[in-house]
Every structure is written in C-alpha cells, then in structure tokens.
Amino acid sequence: MTRLAHLWDQSRCIACGACIAACNAANYGSTGRVNKTWGWLASNIKRVELVRGPRPMLFLVQCQHCDNAPCVAVCPTGASYRDVDGLVKIKPELCIGCKYCMVACPYEARWLDEESGLPRKCMGEECLSRVKAGLEPVCVAVCPAGARAFGDLDDPNSAISRRLAQSRYIRLLEGKGTEPKYFVVVGP
Amino acid sequence: MTAFQEIWSPYLIGPFLWLAGIAGMGSVAYVMLARQRVEGYQRLAYALLPAIVLALVFVVADLSRPWNMPGAILSSILGGTFGWVRSWMAVGIALISLGTVLLLFLTLRYIAASSVLVRIVDSTWYGVLLVVVGVLITIYSGFLIAAAPGIPFWNTALIPVLWLLSASVCALALVELLLHHGDVTRQVVRMGVALESAELIAVMALINLALYGGSTAARLSAQALAYGSLAAAFWGGLVGLGVVIPLAIGIVSMKRQSRALTAAAAVLALIGALLLRILVLQAGVFEPIP
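Note that the structure is predicted; figures quoted are calculated from it, not measured. (Residues numbered from 1 in each chain as written. Chains lettered and ligands numbered in written order. Predicted model: local features only at pLDDT ≥ 70, side-chain atom pairs only at ≥ 80, totals over all residues. Heavy atoms only, no water.)

*Asks:* For the interface of chain B and chain A, give the residues involved together with the corresponding values.
*Replies:* Listed by partner, the interface residues are 38 residues for chain B and 37 residues for chain A. The partner of lysine 99 of chain A in a salt bridge is aspartate 62 of chain B, with the nearest N and O atoms 3.4 Å apart. Across the chain B-chain A interface, the total number found is 21 residue pairs in polar contact (both at pLDDT 80 or more). Counting residues per element, the ones that place at least two in the side of chain B that touches chain A are helix H3 (69–79), helix H4 (88–111) and helix H6 (124–146) of chain B. Take the side of chain B that touches chain A: its biggest share by element is five residues, from H3 of chain B. By residue class, the composition of the side of chain B that touches chain A is 25 nonpolar, nine polar and four charged. (Contact = heavy atoms within 4.5 Å. Salt bridge = Lys/Arg side-chain N within 4 Å of Asp/Glu carboxyl O. Polar contact = N/O pair within 3.5 Å; in protein donor to acceptor, adjacent residues only side chain to side chain. Helix = DSSP H or I, 4+ residues; strand = E, 2+ residues; numbered from the N terminus. Nonpolar A, V, L, I, M, F, W, Y, C, P; charged D, E, K, R; others polar.)

Here it is as structure tokens:
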C-alpha cells in the first residue's frame, strides 16, 4: 500500500516563503488574485504565526492528507475523496460548492477559489502531475533549507520515512482523530 | 481572537436552517391539528411549502457552484459516491427533496382538490410520512452543523436538540399567528411556555459547556456571545426579545389571554429562533494551530 505524506522541518525552516511562492507559481500561474478565505495569496500553504508564549513561532499549515479525513466524510457527492496513493483529492466535476469540506477541516486547510467556485487545497494540479511523473511537489523541490520532504510512509527507504526515523516530530491537532499525514519535525 | 469563520454566510445559512425547521416542525403541527380537525388548520398548509422552497433558495444562494449541482448530484448517485449514510449534507438533500414533494402535494390538495389527491394526502400513512420527514428535516438541520468537526462550538450534541426545541417553538408561533381561537391557543400557549423554558436552558447549557469545556475555539465562540462582539445581539436580541419576553407573555397568557400579546410573542419567538441560528453560525471559529 502507498501512503504519500508531507514533512515540514520547523527546526530547519528559514521562513523564506519560497514554498508558498512556488505553490502560487506552479499551481495558480503566479496569479495576484486574493485568497479571501485566508486573507492570503493564491497558494495552498498558509503561514501561521504564533505570538503567544515565550518566543514567537512560525507554522506552515496545509492539507494534512488525513487518513481519517473529515472533508471526505462530509462531502455529499464524493467530490472529495482519498485516493489509493493516500492523498486527499478533489473531483471538480462532482463539486457543488457547498463548502462543507471547508468547515469540516479542523486545519482550515481549504480556501475558496472565487473564480471557479472550487475549494482549493494542497496539492494543486501541477503538483499532482509532478507526483504522478515521479517528481517532488514544488514546495519540496524549491526549499533552499531542505526543510521539506515528501514520500511514501509505507516505504522505509523513502525520503520521508528516513527523515522521520531520525527526528522528533509532532502532528497538528492530533486529538481531533483525523490521523494527519503532515509531519512537523521539531528537532533531531 | 481567531476570526469568525466566513465560509458559510450566517445570513444565508442561518435563514436556511430556520426555514427548514419551520417547514419540518410545521408539518408535524399540521398533521396534529388536522387529526384533531381544528377549525382553519388548512391555513398552515399554505405556509409550509413557501417555507421549504425559501429554505432551498437560501441554501442554493450560498453554493459557490450552483450550476454544477444537478449534474453532480445525478452523477454521484449513478456513480455510487453519493453520501447517503456518510454525509449530513447528502442526507439533507434527500430529506428536503422528499419534504418539498410532500408539501407540494399537500398544497395542491387544497388548491386543486382532486379526489385522488385528497384521498392520498388525507390518508394516515401520508400524515405519518409528513411527521417523520418533518422531524428528520429539523434534526438534520442541527446535525448539519454539529457534524462539522472544524468548528468546535458547533460540534456538540446539544445543537440538534436545541434546533428541535427552537423549531417546535416556531411551529407553535405559526399556529398562534394563523389559527387564533380559544382552546387551541390555550394549548399552544402552555406548550410554548414549556418549550421556550427548555430552549432557554439549552441555550445557556450550550454557552456554559463551551465556556468551561476543553476546546479553545469553543471557548472563544462562547466568549464572543456571552461578553464579546456578539453579546448585544445575543442577550438583547436572542435571549431577551426572542426567548424571555415570549416566555413571560406566555406565562401571563395562561391566566389572561390577549390576541395582540400572543401574536407579538409569536413574532418575537420566530425572530429569536432566526437570531439563534445566525448567531451560532457567526460565532464559529476554527481551533487555533497549534
């Protein structure tokens, strides 16, 4: 079985925003259109700054490709589905724009593309075709600090499995029971 | 504070949930009155179809791809991906479609009055079906938001119960407004006092559980309603005008009836139920990360 997943290494990230810009360029043609849902640019990666606590922290949040994805469970037509590769994807032809997936996602990982009416999320079309061709998603490919990894959790030799084996990591909002597959590395 | 969720418009989905509840519990009230042959019960039938049709108009107005709806629903039913038992939205689409057809026949029964329609609509099984579908539509309108795990304030079993209570209050208000006479009003006022008391307790329970529960987002939502940016609308509009005043009028009316007062209480109760749904939707926030 294949279970594709993302890793973001918080301890290596230099907050340059290259992943965010690359997502915007590859998946949305570098559009300047505003993502009104997040008050952000058209990109599937959201920057969350944590100002509470002893020191400021940065989180990059995106679709967690949950094994137990609420967005898939609530979708009335099956437009949101979990594919055999473990990624959560959208079939635009089945989407009625009810936005139930958007309110069901605890990570607020989807945003509304006002042009098409579609809820957008990681991964965009370009990244999906790259993955299909055996390449890395653009956010992983462009990261100058090597803070990102992508691959099959069920393959012990994949880049992500090797990184996870030697790192301390957390998963966001684990208590929600969504079984997220977005791993945040917090240290060696 | 985390921004309120701006995904579902409270001013479109709120009225949708309210009208679905009115149509749902109104159907139950219609069947009960029809069985007792209460004078003028037919008037209720004319109010229910517009309620469910308007509910549909509001919910479709909030869709971002309405043009894709017929094809997508048909394709998903034929393709076996429609969420009959998985998604409350899918359950609602099925229930509201069925409810609309049932209420259409009910209205036609009084407009066209063909003997076939009269036999079907006046039959016991049709009444039972109307009651079951009406209750299910009301409960569904609660589960629709309660089953959205992204917004912890909504994600509670209290919401469907509160929606059922509040929609029952709306159905009674509709009866008060449309059929004001003697015995019925006395019964309706007594039931109204009981249901409004229960609604008030349920609203307070919703706020209290969220204020003292474990979820940060639910606490932020409850704070916004109890003493934050939505407090004036919550205490003044929903609790004061929408529940406490109709309740007080109901208690007074149990001793001495006044048509103007009971009508005012009914209108306020209807407004209160609408405000309840709009405010609960508006107060929703996502859990902060991490």
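*Asks:* Could you give an account of the confidence of the model for chain B, with specific residues and numbers?
*Replies:* Scored by pLDDT, chain B has a mean of 95; 99% of the residues are at 70 or more. In the model output, the complex is listed with pTM 0.96 alongside ipTM 0.94. (pLDDT = per-residue confidence, 0-100.)

*Asks:* Please set out empty space enclosed by the protein residue by residue, giving values where relevant.
*Replies:* Residue and element names in this part refer to chain B. For the structure shown, the criterion picks out seven cavities of 30 Å³ or more. By volume, the largest cavity is sized at about 120 Å³. Residue lining of the largest cavity: 17 residues in total, with Glu176, Gly192, Glu196, Pro246 and Ala265 positioned closest to the centre. Elements that contribute at least two residues to the lining of the largest cavity include exactly helix H7 (158–178), helix H8 (182–212), helix H10 (231–255) and helix H11 (259–283). In terms of residue class, the lining of the largest cavity is built from eleven nonpolar, four polar and two charged. (1 Å grid on protein atoms, 1.4 Å probe; cavity = no way out; pocket = protein on both sides within 12 Å on 5 of 7 lines; lining within 4 Å. Points joined across faces, edges and corners; volume = space filled by probe spheres on them.)

*Asks:* Could you give an account of the sheet that holds strand S11 (residues 168–171) of chain A, with specific residues and numbers?
*Replies:* Consider a sheet: its strands pair through backbone hydrogen bonds, and that pairing is either parallel or antiparallel. Residues and elements named next belong to chain A. In spatial order, the strands read S10-S1-S12-S11; together these four strands make up an open sheet with mixed pairing. Strands at the two margins of the open sheet, each flanked by one partner only, are strand S10 (148–152) and S11. On average, adjacent strands in this sheet sit at an angle of 30° to one another, irrespective of strand direction. Pairing geometry for S11 and strand S12 (residues 182–187), over four bridges, is antiparallel. (Pairing = 2+ DSSP bridges. Axes fitted to C-alpha atoms, helices over the stretch in contact; angles between N-to-C directions.)

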